[in-house]
Amino acid sequence: MTSHAGISINGLNKSFGETSVLKDISLDIAPGERVVVIGPSGTGKSTLLRCLNYLDRPDSGTIRVGDLTVNPAKASRSDILALRRRTSFVFQNYALFANKTARQNITQALITVKGQSKADAQARADEILRETGLADKADSYPAALSGGQQQRVGIGRAMALDADLMLFDEPTSALDPEWVGEVLDLMRRVAEKRQTMLIVTHEMQFAREIADRIIFMSDGQIVEQGTPEKLLETPEDPRTQAFLRRVAKTGS
Amino acid sequence: MRALDFAYMWDLVPVLLGYVPLTLFMALVGMFFALILASVMAVERVFRVPVLDVFVRLFISFFRGTPLLVQLFLFYFGLPQVLAFLTTIDGVTATIMGLTLHFSAYMAESIRAAILGVDRSQWEAAQAVGMTQTQMMLQIILPQAARVAAPTLVNYFIDMIKGTSLAFTLGVTELMGATQKEAAGSFLYFEAFLVVAAIYWIMVEALSFAQRHLETYLNKAYAR
Ligand SMILES: Nc1ncnc2c1ncn2[C@@H]1O[C@H](COP(=O)(O)OP(=O)(O)OP(=O)(O)O)[C@@H](O)[C@H]1O
Ligand SMILES: [Mg+2]
C-alpha cells in the first residue's frame, strides 16, 4: 500500500434549513489511524461523514487531505472530485451499482475514475474478491447477493480506491444479525493494514477492539474523545456517560 | 355484401411487402435520432440547466401539444417557404424529422421519469467513488433508467411505425401510399386496406414479441 496523507478538518459547519447539524467540528486524523465515532441518533454523525466527501456540501470550514484543501466558499467542481478521489465511502445500505456485477462494482471506478486498463482493474478486483471471500460471486449482480455479501463488495469497492481516508457509515446496521460478523471481520482485516478509517458504528465491542481513538458526538459537536479504554471506561462528560449507560442496557 | 377477392389479396401481399423496408427505415432512423434527442432533453430536464431548460420545456410542450400531421405539414410545406436554402424538402426527410421531434418530446418525459426513479443511493455511490456527472449518467444512471423506460419506449416505437403512414399525405409512396394507389386501380378498397392493416399488425406483433425478450434481458441484473 502506498503511503497515505493525513486529514485535517477545521471549523466544519453544516445546517439543513434552520437546524444546525454540525457545529464547528475540528478534527485531525493521522495516517493509518482508525477513528470510531459514536453518539446518539440524529447527532450529525452521518452528516459529518457525508461532508467529508461532499455528498453534503458543508456551509463553512476546511477539509485538508495531504496537499489538497477544500473550502466550500470557493470549492470548484474539480476540487470536489479531487477530494472524493482521496476518500472512499461505505454506505449503510451498501449502495452497490445495481446494474453491475460484483466484479464490475469494483472495476468501475478503477477504469472510469483512475483510468486503469481493463486488465489491471480486473486483476485488482479479483484480488479483492478473493480477500473478501467473494471470488465465486464475481459475476453475480447485487440483487442475487445476501446483505453481508453486498456489504463486503461495498467495502471491496472502497478498498480498491486506495483512498487516504475510508469512511464507514454504520456499515452493519442494515444487516441481519447473521451477516454482521463477516462484515466486521473484513473491516478488521482492512484495519490491520493501517488504512486510515473513520467509522460510525454502534458495535461497541468492535470499536473497542480496532479503534485507536473513539469520538463521542452529541448535538453536532465533538463532546469528548480518547482511547477506547479511556472513553468507554472513564468518560468525563455526563452526556457520554448517559449515552454509554443507555447503550450498555440495550446492547446486551 | 360481396365475397372478398382472396386471389387479389394474395397477389397484393408481395407488392405491399416491397414497401415494408421504407416504412421500417423511416421508423428506425426516426427512433435513432429521437432516442438521442430525448435522452439529452431528459438529462437536461433533470439538471434544469438555466435558460436551456426554458427552451426544452417549450419544445416538449409544442411537440406534445400539436398533432403529428400538423407538424409534418409544417416541415414539408412550411419550412421551404421560410428557409431560403431549402428550396424543397423531400417527403421521407420531412417524415423522419417530424417523427423524430414529435416522439422525442414524449420519450423525453418517459426517460426523465425513469431517471428520477433511480434510487438516490445509486447517485451517491457514483459520486462517492469520484465519477464526474457525465460518467455517473452514462455508466450508472442511464442504464438503470433504460430498464425502466424500455417498455414505454418500445410502445412509442410501435406508434412511430404506424405514424410513418402519414408520409403518404406528403406524397411519399410508402406502404400506405402504395396501398392507396393499388386500391384506386382495382377499386377493391376493402381488400387492399385489409392487407395493409394485416401487414402493420404483424410488424407490431413481432415487435411486442421482441419487447418481451428485451425486458427479460434488461431485468437480468435484477433477478434474485
Ligand atoms: N438532507 C437532509 N435534510 C434535512 N435534514 C437532514 C438531512 N440530512 C440529515 N438531516 C438532519 O440532520 C440531523 C443529523 O442527521 P444525521 O443523519 O447526520 O444523524 P446521525 O448522527 O447519523 O443519526 P443516526 O445515528 O440516526 O444515523 C438530523 O436531525 C436529521 O434529521
Ligand atoms: Mg447516520
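Conventions adopted
Residues numbered from 1 in each chain as written. Chains lettered and ligands numbered in written order. Predicted model: local features only at pLDDT ≥ 70, side-chain atom pairs only at ≥ 80, totals over all residues. Heavy atoms only, no water. Helix = DSSP H or I, 4+ residues; strand = E, 2+ residues; numbered from the N terminus. Buried < 20%, exposed > 50% of the residue type's maximum accessible area, 1.4 Å probe, protein only. Contact = heavy atoms within 4.5 Å. Areas by Shrake-Rupley, 256 points an atom, 1.4 Å probe, with all protein chains shown as cover. Lys, Arg positive; Asp, Glu negative; His and termini not counted. Charge placed at Lys NZ, Arg CZ, Asp CG, Glu CD. Pairing = 2+ DSSP bridges. Axes fitted to C-alpha atoms, helices over the stretch in contact; angles between N-to-C directions. UniProt positions renumbered as here; feature names shortened; annotations may be inferred. Salt bridge = Lys/Arg side-chain N within 4 Å of Asp/Glu carboxyl O. Near = heavy atom within 4 Å. Nonpolar A, V, L, I, M, F, W, Y, C, P; charged D, E, K, R; others polar. Phe/Tyr/Trp six-rings, centres within 6.5 Å; stacked < 30°, edge-to-face > 60°. Lys NZ or Arg CZ within 6 Å of the ring centre and 35° of its normal.

Describing the overall build of chain B
Of the regular secondary structure elements, chain B holds nine helices and zero strands. Taken from N to C terminus, the helices and strands of chain B fall in the order α-α-α-α-α-α-α-α-α. Projected onto its principal axes, the C-alpha coordinates of chain B cover approximately 70 × 55 × 25 Å. In chain B, which comprises 224 residues, the share counted as buried stands at 44%. When contacts within chain B are restricted to residue pairs at least 6 apart in sequence, those whose partners lie at least 24 apart make up 75%. Counting every atom, chain B has about 11,700 Å² of accessible surface; 69% of that belongs to carbon and sulfur. Here chain B carries 13 positive and 14 negative side-chain charges, and the mean point of each set is 12 Å from the other.

Description of the sheet that holds strand S7 (residues 165–169) of chain A
Residue and element names in this part refer to chain A. If you trace the six strands from one edge of the open sheet to the other, you get S6-S7-S8-S3-S9-S10, paired in mixed fashion. In this open sheet, the two strands that pair with only one neighbour each are strand S6 (87–90) and strand S10 (221–226). Ignoring strand direction, the axes of neighbouring strands in this sheet form an average angle of 20 degrees. Along the sheet, helix H1 (residues 45–52) makes contact with strand S3 (34–38), S6, S7, strand S8 (197–200) and strand S9 (213–218), crossing S7 at roughly 150 degrees.

Some words on the UniProt feature "domain: ABC transmembrane type-1" (unreviewed entry) in chain B
Sites flagged by UniProt as "domain: ABC transmembrane type-1" (unreviewed entry) map to residues 20–211 of chain B. Helix makes up 83% of residues 20–211 of chain B and strand 0%, and the two end C-alpha atoms of the span are 20 Å apart.

Some remarks on unusual backbone geometry
All names here are of chain A. Positive phi, close to 55 degrees, is recorded for Asp24, a residue that is not glycine. The topology assignment puts Asp24 in strand S2 (residues 19–29). The exposed category is assigned to Asp24, whose relative accessible area is 52%.

Section: the pattern of salt bridges
Within the structure shown, the criterion is met by 24 salt bridges over all chains. Arg34 of chain A serves as the salt-bridge partner of Asp212 of chain A, at 3.0 Å between the closest nitrogen and oxygen. In this pair, Asp212 of chain A sits in the loop between helix H7 (204–210) and S9 while Arg34 of chain A sits in strand S3, placing the two residues 178 residues apart along the sequence. Looking at Arg34 of chain A, the relative accessible area reads 11%, which means it is buried. As a salt-bridge pair, Arg152 of chain A and Glu182 of chain A come within 2.6 Å of each other at their nearest N and O atoms. Remark: Glu182 of chain A occurs in helix H6 (residues 177–192) and Arg152 of chain A occurs in helix H5 (residues 147–160); sequence separation between them is 30 residues. For Arg152 of chain A, a relative accessible area of 11% puts it in the buried group. Salt bridges here are not isolated pairs; linked through shared partners, they connect Arg50 and Asp56 of chain A together with Arg120 and Glu124 of chain B.

Description of the environment of Ala114 of chain B
Residues and elements named next belong to chain B. Its location among the elements puts Ala114 in helix H5 (residues 91–117). For Ala114, a relative accessible area of 4% puts it in the buried group. Measuring from C-alpha to C-alpha, the distance between Ala114 and Arg147 comes to 8.4 Å, with 33 residues separating the pair along the chain. Setting aside residues no more than four positions away along its own chain, Ala114 makes contact with Ala145, Val148 and Ala149.

Concerning the site of ligand 1
Residue and element names in this part refer to chain A. Taken together, the neighbourhood of ligand 1 is formed by Phe16, Val21, Pro40, Ser41, Gly42, Thr43, Gly44, Lys45, Ser46, Thr47 and Glu170. For ligand 1, whose accessible area on its own is 630 Å², the fraction buried by protein is 57%. For the shell around ligand 1, a count of residues per class yields three nonpolar, six polar and two charged.

Regarding H1 of chain A
Every α-helix winds through 3.6 residues per turn, so residues three or four apart in the chain are directed the same way. For H1 of chain A, a buried count of seven out of eight residues is recorded, marking the element as mostly surrounded by other parts of the structure. After H1 of chain A finishes, the residue Tyr54 of chain A shows a positive phi value of roughly 60 degrees.

Here we look at the UniProt feature "transmembrane region" (unreviewed entry) in chain B
Residues and elements named next belong to chain B. The feature "transmembrane region" (unreviewed entry), as annotated in UniProt, sits at residues 20–43, 55–77, 83–103 and 186–204 in this numbering. Strand forms 0% of residues 55–77 and helix 91%; the C-alpha atoms that close the span are 24 Å apart. Along residues 83–103 the backbone is 62% helical and 0% strand, and the end-to-end C-alpha distance reaches 24 Å.

Some details on the packing of aromatic side chains
Tallying each qualifying case throughout the model produces twelve aromatic pairs over all chains. Each ring, one from Phe63 of chain B and one from Phe75 of chain B, has its centre 6.5 Å from the other, and the planes form 15 degrees; the classification is stacked. You can see Phe63 of chain B sitting in helix H3 (residues 52–65) and its partner Phe75 of chain B sitting in helix H4 (residues 68–82), a full twelve residues away along the chain. Take Phe63 of chain B: its relative accessible area is 7%, and that puts it in the buried class. With relative accessibility at 9%, the residue Phe75 of chain B sits in the buried group. By way of ring pairs, the aromatic residues Phe59, Phe62, Phe63 and Phe75 of chain B are connected into one cluster. Across from the ring centre of Phe97 of chain A, 4.7 Å away, lies the NZ or CZ of Arg157 of chain A, which sits over that ring. The residue whose ring lies beneath Arg147 of chain B is Tyr222 of chain B, and the NZ or CZ to ring-centre distance is 3.7 Å.

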